[in-house]
Structures are given as structure tokens and as C-alpha cells.
Amino acid sequence: MTAAGVQSSPPGAAPAPTAGRPAVAPLRLAWLYLRSRRVPAAIGLLAGLGALLWAALRWRWNVAGGAAAQALIPLTIETGAAAVIAVTTYGPFGDPERATGRWLPWLRLAAAVALTAAAFGALAAGAAGGALPGGTLALLRDLGGMTGTGLLSAAALGGAFGWTGPMAYWLATESVLAAHWTTPWIWPARPAHDRGAAICAALVLAAGFAAITLLGARDSGRGPVPD
Amino acid sequence: MTAATDAPVRHRPRRAGGAVTLTTARLLRIELRRSTMPWILPVIAALFWFDSYRFGAGTPPYWVLRTFWNMGQGRTFMDFAPFVAGVAAWIGSRDGRRRTADLVAGAVWPRWGAQLAAWAAATIWAVGAYLVFVCVMFAVYAHQESLQGSPPWWWVAVGAAAVAAFTAAGFAVGAFFPSRFAAPAAAFGAFLAVIVSSQNGFGDTSGWPLILPNNANGNYQPISGIFYPYLPDLPIARIMFLAGIAVAALGLLGLPARAGGARLRLAAAVVALAGLAAAGTASVLVRTARLTPHGMVIPALHDAANDRPIRYTPVCGHAAGVPVCLNPAYRGYLSTIAADLRPVLAEVAGLPGAPVRVTQVPGRYASGMFEDQAGVWVAISGTPPVLQLPLDVFNTLPSPTPGSAGQFDQELPLLSVHEFVAGSGGGTAAQQAVQAALLAHAGIPLAAQPQALTIFGLPDWAGEDLQGLVAGSGSANGPGTPRGPVYAAARRFAALPAATRHAWLAANLAALRAGRLTLAQLP
């Protein structure tokens, strides 16, 4: 018995990708990454949230209360979108992926940016169903800021629990709205063109992108995670 | 060697019931140790501190007022609901996410039993944390200030039931839809439910919305815990509703074929139906709720023993020689009230109908969230006349809120003088002028009276009196400045020597109260 033939593939096996197709490899890597993060399902959910927003505005689903209360349902839907984006950062592979994935930080950043853009697109399309309080500018600001809280909580608590950030932020915001606070850190309470609120939301989003790019979600091998 | 020595020692077999109990306890212990729920508790604790605790502070020192936001309006369980639902969904989806459903299906324990153990562990963590957080919050409140009345334990129990129900619902979502998105979907659903029910609960004062645990309409007002016990009727119905939802969700878990044998699935179906029946019954019961002067009563759940007032021995002081007696829970306001009433009582002393005693009386529940929605009032009645103060109706009781003391110091004399001069209705021009003059001598200058007449919660007559005093000069920018015939007559009357004023009132008070005097007839 010899070792001859050990390295040969069994009959019928798919040929290994070769260096002769450099353009396909990055695409394949990106696609595998997106699938491992369940991005296609996330896009479906974001589209569903866009449809929900469209229905809420089209048929004027409302809750009792003043002007602040009228924005509750759209903001809650934006919170849901931010939660979906945050949960996609959960990676099932842990250390092996971190050790071998040279492009991982860029993939994380690209996926987060692309999903945020997709969420904005879906919700902006949903906003066509009626009058969105604050308009598209407020949607961009609020969604961006909440996505930032989601990415930060994913980096701190784990991708599977990234949804806690937007939820906690919005629950706190709801109390603050009732108490008529006006701090720019509670950006949904400020007018759409408020510069301070926009800066705060942008800072939180940038921090979220930075954290998820540089550190990744906590469950990607950076520490113990609950399951 | 005999056969007897070779025979194995035969132990009496342990009872199967004991073994099951022990195994259940072990399984529960394992699930408690591996549960994900404790991971989320720091986030909830931070939110609880910011939302439930901080926004509850700053009210007068009564349990029912201090806990109105976090218990009456259900903020404590709202801070828990989305998170426990989401994490429970994550726990419930465990077998599906790990593709171990087939493995555990072949275990000794039926899958439903194992799922119930996992849910029970998650619920023990969640409800335990809820109770600890609430008790710590209550302890801090009690430590900061001596709170009067009694804590709303029934509402604490409702919150605990709500936390358990959201945990069960979230767990079911995770078990049926095992995915990484199950947790945010369950949290989002819980979040939407609590936010929408919270906002809509503000508007619905009767019917099925009363089942919502964050609907404070007609069931959490300041009489409770001080003059009457908190009525447990509505909390009992809410607990029944929430427990029914929890039981129905857990029963649903046992319905799929993989959950266990036919008998077990049948039992699960019965459990699910029982849960739905409990929730449905509670929803029907709240439709029979009716508002009474001291709370919301559901006839089928009502215990007449809860209608008995809480006994107390009044604490008394004096104002211009008139005894002022309050419920001991309001002892802290005795000196303020005596000081506010002293110039008023001195001004009317000896006049016909002048109060010879001031007594605190309980207010009445209003159909909205606050007693003052029916208007803040005082009354003078009886023989000899007694000035009755329902202090629990006053929304201006001095508190850490800036400006609240000043408003109360104006509102109490204003209401008392109006009651003395004009009764409970709107005043004639002459009554408005005399009222303004008496108030000017009671410490509220004429220039300050338009602002006092705009204090939130005053009865409708305040608007009429304001229009008389400012002669229509009020606008959206302010209540206006005193001018016109009522103001002129008030200035004239106030400028009289005290003895002259007193003598004129003694002679003309009956005609003034009857509305028979005009401004021209005032001195």
C-alpha cells in the first residue's frame, strides 16, 4: 500500500476553485458570508417591515395621544429594522473564522452598511403609503441612530442579542417623550432638521460601524456567549 | 456458605413519584444554570433604573402617587416585556437552531416536559428579577422619604404575571420558529403590544381595554391605600388574563407530534384550552366593571370587605382659632394648610356660614386617570358649617416639582373663598368682585389672581371668574391683566377698612350668595 492517489479527488467530485478565476472568488466569499449571517432572510424581514410601515401609514394606524404619540408606530417599526440588522452580525463559526478570515472586518462593515441602506430603502418605500411624521430625513436619522445602538450592543452583548440595544433605546425614548425632554441624544424627540440630533445619531451610527468592523459581534470568538 | 448469603440484597424500590420529582428538580437546576435569561438582566436593570425608578420620583410622598408611573401605568413590566420575550424565544429555539430536536425527541423525557423545564427556569429568572427590582425600588423610595399609604402589592403581582406571560409567549415563538430572528421578532411583537396598549390605555375608560395591565383609568387614584384599600378586582382579572395567555402558550408547545405521546398531547390541548378559557373569562369579566367612588368594582370578583374605609385618628392644628384636622397620612401638610387658610378664615370669622372647622374628606374616583379630571373642589356644609378638603383630589400638593408649592398656596384659598361667596357654581359679577377682594386680603394680590384662576384642574367657574376679572383681555399668550368693572369694584371693596368690610358682609352676605346684588350695590 502506498500513498499514491491519496491527493486525487474521488470520481465525480467538484473541482476545487483555482486561482485562474480571481473575479469569482471574492464574490463567492461575500455570498458565503452573507448566507452565514442570514442576510437574505434579513432582507426579507426588512421588506416585511417596509410593508408594515406602508400599511400603518396607508390605513392610518394610530395610537391615542399627541403629536409624539403619532410617531410611535413608525418609530417602533424602525426599531424592528435596526434589531434585524443587529442580529445579522451573529456568526456561527467563532475562532476559526476569525483566524482565517482576512477580509472579515471588511465583510462585516460592508454587510452592515448594505443592510442599513436596504432598511432605509425598504422603509422609505413603505413611507410612500402616507405621511411619515418628520419625513424621510427623520427616517434616515432615526433609523441610522438606532442601527448604531444595535451594532454597539451586538459588539458588547453578542450578535444574537444585538436587538436589545434598539429596544432599550426606544423604551427610554418613549419615557423621555412623555417627560418632554429635548436632549439631542434622544433624537426622535427633535425636529427632522435639528442639527444636534442628526450629529448625535450619526455619531452613534459611526461608533456602531466602527465597533462591528474592528471587533465584530461578541459571539464571534471574542468571549463567552450565552446560548 | 449458604444460598442465603449469596442472595443479593433487595432494596425496596423507591416510589416512582419521588424519582420523577427528583429528576424534575435536577432538570430544573440544570436549566437554571444554563439559562440565558441572567445575561439580559443588567440591560433591564439599567432601563428599569432610568425609566421606572427615575420617572416615578418627584411626586408627593404617597405610595399611590410615587408608583403611579411604574405600577399604575405598568412601566415596570414594560421595561421587562420585550427583553424577556426575546430571550425566551432564543431559549425556546435552542433545539431547532442546534438541530438537536431529533436527539431530544428520543430521550426519556417527553420533549414537552423538557421545554416546560427550560421555560420554568427562564421564568424563575425573569419573575425573580422583576420582584427583586421592584422591591429594591420600593425600598429606595421608602428610604428616601417616609411614604404614606401602602404599597400597591396587587399591581406588583399583575406585573409578575405579565412577565411570566411574555416569557411564555416568547418561548412559544422560539419553539415554533427556530431561527436567529425569532428573538428579535418576539421582542418586537412584545414591544409593539406594550407600546400600543400603553398609549391606547390612556383613552379607554371602560370595557375590555381595562384588561390591559398598563391602563390606569379609574383604578389607580390617590384615595387608594390611604382612605380605602386598593380594590383587587381589576388586578385579579388581569392576573387571570395574563396567566391564561401563559398557560395557553405552554399548552401549544405540547401539541406537535414530536412533543410526546398521544395522552400527553391531549393533556396539552386541554391545558391550552383551559388557558384560553381563563383569558376569555377575564376579558368578559372586565366588561362588567363599574366605577365606584373608591375604585373599579367587578361584581363577580368583588369582596365587600374591601369597601370598608381604613380607620384613622385625625391630626389637628388651628388656623385663626378654627380647628384644622387631617388624615395622619397628610400630617406633613398640616402647617401649610393652616397657614394658607389662616387669612381666609380670619377674614370671614363671625360671618353667617363661616366654617367653624376644617376637615379632610376622601375624594372620589374619576373615570379617567386622575381624580382632578372631575375638577378640584372644596365644600362648606353641615350645621355648624365645616369646610371639607378632599386633599387627594388636589393636583398641586407640594412636592419636589418646582412651583408646586406656590400653586397649592393659591389654589386652596381660591377654592375656599369661592365656595364661601358663590358656592360650587359660577359667580355673578358682584360675587367675583367680593371674591377678588377677599383673596387680595388672603395673600393673593389682584394682579396675581388671573394667573391663579388658570391653575390646571380648577372647575369651570374659574374660567368665568377670569373673564370677569380681566374683562376679556386674556389671550393665548397669557390670562390677561385685571381691568374693567369687576376689577374696579374689587379694588374699591378691598380698600375699605376691615371692620367696614366685615360689617357690610354680615349684613349682605345672604343676598350676595343668592346672586341678588349687582356691582353697583357694592360699597
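No experiment lies behind these values; they were computed from the predicted model shown.

So, the overall build of chain A
Item 1. Secondary structure summary: chain A contains 9 helices and 0 strands in total.
Item 2. Across the 227 residues that make up chain A, the buried fraction comes to 45%.
Item 3. Look at the contacts in chain A between residues 6 or more apart in sequence, and 75% of them connect residues 24 or more apart.

Quick look at the overall build of chain B
Item 1. Along chain B, the regular secondary structure elements total 20 helices and 7 strands.
Item 2. For 523 residues, the compact-globule estimate of 2.2 N^0.38 gives 24 Å, and the C-alpha radius of gyration of chain B, at 31 Å, exceeds that figure by more than 25%.
Item 3. Dimensions of chain B, computed from the C-alpha atoms along their principal axes, are close to 125 × 55 × 40 Å.
Item 4. Taking all 523 residues of chain B together, the buried fraction comes to 50%.
Item 5. Of all intrachain contacts in chain B linking residues separated by at least 6 positions in sequence, the fraction that spans at least 24 positions is 73%.

Some points on the sheet that holds strand β5 (residues 357–360) of chain B
Residue and element names in this part refer to chain B.
Item 1. Taken in spatial order, the 5 strands of this open sheet run β3-β4-β5-β7-β6, and their pairing is mixed. Two strands close off the open sheet at either side, each with one partner strand: β3 (315–319) and β6 (379–381). Neighbour-to-neighbour, the strand axes of this sheet turn through a mean angle of 25°, independent of strand direction.
Item 2. As defined by bridge partners, strand β4 (residues 322–326) adjoins β5 across 2 bridges and the pair is classed as parallel. Bridged to V324 within β5 is V358.

Remarks on the domain arrangement of chain B
A common measure of how large an interface is: the accessible area buried when the components associate.
Residues and elements named next belong to chain B.
Item 1. Per the domain assignment, the segments of chain B are domain 1 (21–307) and domain 2 (315–521).
Item 2. In this structure, domain 1 and domain 2 have C-alpha centres spaced 46 Å apart.
Item 3. Contact residues are listed per partner, giving 21 residues for domain 1 and 17 residues for domain 2.
Item 4. Of the residues contributing to the side of domain 1 that touches domain 2, the split by class is 10 nonpolar, 11 polar and no charged.

What to know about the packing of helix α3 (residues 37–53) of chain B against helix α6 (residues 75–92) of chain B
Residue and element names in this part refer to chain B.
Item 1. At a closest axis distance of 9 Å, the pairing of α3 and α6 adopts a crossing angle of 155°. Taken together, the axes of α3 and α6 are roughly antiparallel relative to one another. The interaxial crossing formed by α3 with α6 has right-handed handedness. Contact residues: M37, I40, V43, I44, L47, F48, D51 and S52 in α3; R75, T76, D79, F80, F83 and V87 in α6.
Item 2. Here the contact of α3 with α6 is built from residues that sort into 9 nonpolar, 2 polar and 3 charged.

Examining the pairing of β3 of chain B
Note on strand geometry: in a regular strand, side chains alternate between the two faces of the sheet.
Residues and elements named next belong to chain B.
Item 1. Direction of pairing for β3 relative to β4: antiparallel, over a ladder of 5 bridges. Pairing of G317 across the sheet is with V324, part of β4.
Item 2. Following β3, the chain reverses through 2 residues before pairing antiparallel with β4; A320 in that reversal takes a positive phi of roughly 50°.

Re the interface of chain B and chain A
Item 1. If you look at the interface, chain B gives 28 residues, while chain A gives 27 residues.
Item 2. Only α3, α6 and α11 (182–201) of chain B provide two or more residues apiece to the side of chain B that touches chain A.
Item 3. Examining the composition of the side of chain B that touches chain A, we find that 10 residues originate from one element, α11 of chain B, more than from any other.
Item 4. The residue makeup of the side of chain B that touches chain A, split by class, is 20 nonpolar, 5 polar and 3 charged.

Some thoughts on helix α2 (residues 39–58) of chain A
Residue and element names in this part refer to chain A.
Item 1. Taking 1.5 Å per residue, 20 residues should reach 28 Å; α2 reaches 28 Å between its end C-alpha atoms and fits that length.
Item 2. Among the residues making up α2, those that are buried are A42, L45, L46, L49, G50, L52, L53, A56 and L57. Looking down the long axis of α2, one finds its buried residues gathered within 160° of arc, a one-sided arrangement. α2 presents P40 and R58 as exposed residues on the side facing more than 90 degrees away from its buried surface.
Item 3. Those residues of α2 hidden inside the fold are in contact with α4 (72–87) and α6 (104–126).
Item 4. The first or second residue beyond α2 is R60, which carries a positive phi of 55°.

Focus on α6 of chain B
Item 1. An ideal rise of 1.5 Å per residue puts 26 Å on 18 residues; α6 of chain B measures up with 26 Å between its terminal C-alpha atoms.
Item 2. Where α6 of chain B bends most, at A81 of chain B, the angle is about 30°, and the proline P82 of chain B comes one to four residues later.

Side note on the environment of W109 of chain B
Residues and elements named next belong to chain B.
Item 1. Positionally, W109 belongs in the loop between α8 (101–105) and α9 (111–144).
Item 2. Under the C-beta neighbour-count criterion, W109 is labelled partly exposed, with 16 such atoms within 10 Å.
Item 3. Placed 151 residues apart in sequence, W109 and G260 show a C-alpha to C-alpha distance of 8.6 Å.

Comments concerning the pairing of β5 of chain B
Residue and element names in this part refer to chain B.
Item 1. On β5, burial follows the alternation: V358 and Q360 on one face are buried, whereas R357 and T359 on the facing-out side are not.
Item 2. Tracing the backbone out of β4, into helix α14 (residues 334–348) and back to the parallel element β5 gives a crossover that is left-handed.
Item 3. Direction of pairing for β5 relative to strand β7 (residues 386–389): parallel, over a ladder of 4 bridges. Residue pairing for β7: V358 is matched across the bridge by L387.

Structural notes on the packing of α2 of chain A against α4 of chain A
When two helices pack together, you describe them by how their axes are tilted relative to each other and by the distance separating the axes.
Residues and elements named next belong to chain A.
Item 1. Contact geometry for α2 and α4: axes closest at 10 Å, N-to-C directions at 180°. With respect to α4, the element α2 is oriented roughly antiparallel. Taken together, the residues of α4 that come into contact with α2 (itself represented by A42, L45, L46, L49, L52, L53 and A56) are I73, P74, I77, G80, A81 and V84.
Item 2. Among the residues making up the contact of α2 with α4, the classes are represented as 12 nonpolar, 1 polar and no charged.

Side note on the confidence of the model for chain B
Residue and element names in this part refer to chain B.
Item 1. Per-residue confidence for chain B gives a mean pLDDT of 87, with 93% of residues at or over 70.
Item 2. Predicted confidence is poor over residues 1–7, with pLDDT under 50, and the contacts of this stretch with residues over four places away or in other chains come to 0 contacts.
Item 3. For this predicted complex, the interface score ipTM comes out at 0.80, alongside a pTM of 0.84.

Quick notes on unusual backbone geometry
Item 1. With an omega of -5°, the peptide bond running from T383 of chain B to P384 of chain B counts as cis.
Item 2. Secondary-structure assignment places P384 of chain B in the loop between β6 and β7.

How each quantity is defined
- Residues numbered from 1 in each chain as written.
- Chains lettered and ligands numbered in written order.
- Predicted model: local features only at pLDDT ≥ 70, side-chain atom pairs only at ≥ 80, totals over all residues.
- Helix = DSSP H or I, 4+ residues; strand = E, 2+ residues; numbered from the N terminus.
- Buried ≥ 20, exposed ≤ 12 C-beta atoms within 10 Å, placed from the backbone.
- Contact = placed C-beta atoms within 7 Å.
- Rg over C-alpha atoms; globule rule 2.2 N^0.38 Å.
- Pairing = 2+ DSSP bridges.
- Axes fitted to C-alpha atoms, helices over the stretch in contact; angles between N-to-C directions.
- Domains from an automatic or database assignment.
- Nonpolar A, V, L, I, M, F, W, Y, C, P; charged D, E, K, R; others polar.
- Parallel < 35°, antiparallel > 145°, perpendicular 65-115°, else oblique.
- Left-handed = near helix turned anticlockwise from the far one by under 90°.
- Expected span 1.5 Å × (residues − 1).
- Arc of directions from axis to C-beta.
- Bend = angle between axes of the 7 residues up to and from the residue.
- Right-handed = clockwise from strand over helix to strand, strands pointing away.
- pLDDT = per-residue confidence, 0-100.

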